[in-house]
Amino acid sequence: MIIAGCSRRKLQTAVPVPALDLYQGGCIPALRSRAQEIAWLRSRTWILSAEHGLLHADTPLLPYDRRMDSQRAAWLRPAACRHLRDEFSQHGFPREVLVIAEPLYQLALADLASLAGADHIRWVDDPAREWEKADAVISTWRQCP
C-alpha cells in the first residue's frame, strides 16, 4: 500500500479526473508513471488530500486550493484513522505501507503505526526530493506476485 501526500499543482480541468491524474507536483508524476508500469500498483495507491482527506487514487476530483497545516492535519486525523481501519478490515493488513508525504501530512496519519504496526511502515519525508528512496521500496514489491 502506498499513501502519498497531494500536491499544490493540479491539472486544470472542469471535469472530475482520478486523484492520481489530478495532482501534478511532488512525487505524484513519478508515482503515476510507476503505476503505469506495474498494473496492480494503482489499486493499492491512496492520496492524502488537504481538502478531502484520504482518497483512493481513482477517486474523481476537481481542482481545489487548500494547503495542509497542523490544524488541518489534526482535523483530518480521525477520518484518516477510520478510513484505514475500514480498509484493513475489508482487505486485510498490507505487508508493507509506504508513506510518501511531508511531515505535516504525516500528522494526519499518526495512527497508522498502531493500525498496521510500526515495523510495516516506510516513511519518505520529502516526496519531491526523495523519490529514489520511495522507488527503491516499490522496486522490491515488483518481485512479489
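Let us look at the structure shown here. As a convention, each chain's residues are numbered from 1 in the sequence order in which they are written. Reporting of local features is limited, given that this is a predicted model, to residues whose pLDDT is at least 70; pairs of side-chain atoms are given and counted only at 80 or more, and all residues count toward the totals for whole chains, interfaces and linings. Only hydrogens and water are removed before side-chain values are computed, so all heavy atoms of the structure are retained for them.

Here the focus is the overall build of the protein chain. Strands here are runs of E lasting at least two residues and helices are runs of H or I lasting at least four, both read from the DSSP assignment and numbered beginning at the N terminus. Across its full length, the protein chain carries 6 helices and 7 strands. Moving toward the C terminus, one meets the helices and strands of the protein chain in the order β-β-α-α-β-β-β-α-β-α-α-β-α. We take the radius of gyration over the C-alpha atoms and set the globule estimate at 2.2 Å times the residue count to the 0.38 power. Relative to the compact-globule value of 15 Å for 145 residues, the protein chain shows a C-alpha radius of gyration of 14 Å, a close match. Summary of the burial criterion: residues with accessible area below 20% of their type's maximum are buried, those above 50% are exposed, and those between are partly exposed, where the area comes from a 1.4 Å probe applied to protein chains only. Residues classed as buried in the protein chain amount to 48% of the 145 residues present. The contact criterion used is simple: two residues touch if any of their non-hydrogen atoms lie within 4.5 Å. Of all intrachain contacts in the protein chain linking residues separated by at least 6 positions in sequence, the fraction that spans at least 24 positions is 64%. This count recognises Lys and Arg as positive and Asp and Glu as negative, with His and chain-terminal groups excluded. Charge coordinates come from a single atom per side chain, which is NZ of Lys, CZ of Arg, CG of Asp or CD of Glu. Counting 18 positive and 17 negative side-chain charges, the protein chain places the averaged centre of each group 2 Å from the other.

This next bit is on the side chain of E87. Mapping E87 onto the fold places it in helix 3 (residues 70–91). If sequence neighbours within four positions are ignored, E87 has contacts with M1, W46 and G92.

Next up on the list: the sheet that holds strand 6 (residues 97–100). Pairing between strands is defined by DSSP: at least two bridges between them are needed. Pairing in this open sheet of 5 strands is mixed, and the strands run 4-3-1-6-7 from one edge to the other. Every interior strand has two partners, whereas the edge strands, strand 4 (53–56) and strand 7 (121–124), have only one. On average, each strand axis in the sheet is inclined to that of its neighbour by 20°, with strand direction left out of account. For helices, the fitted axis covers only the stretch in contact; all axes are lines through C-alpha atoms, and the angles between them, taken along N-to-C directions, range from 0 to 180 degrees. Sitting on the sheet, helix 2 (residues 28–37) is in contact with strand 1 (2–5) and strand 3 (45–49), with an inclination near 150° to strand 1. Lying over the sheet, helix 6 (residues 131–141) contacts strand 1, strand 6 and strand 7, oriented at roughly 160° with respect to strand 6.

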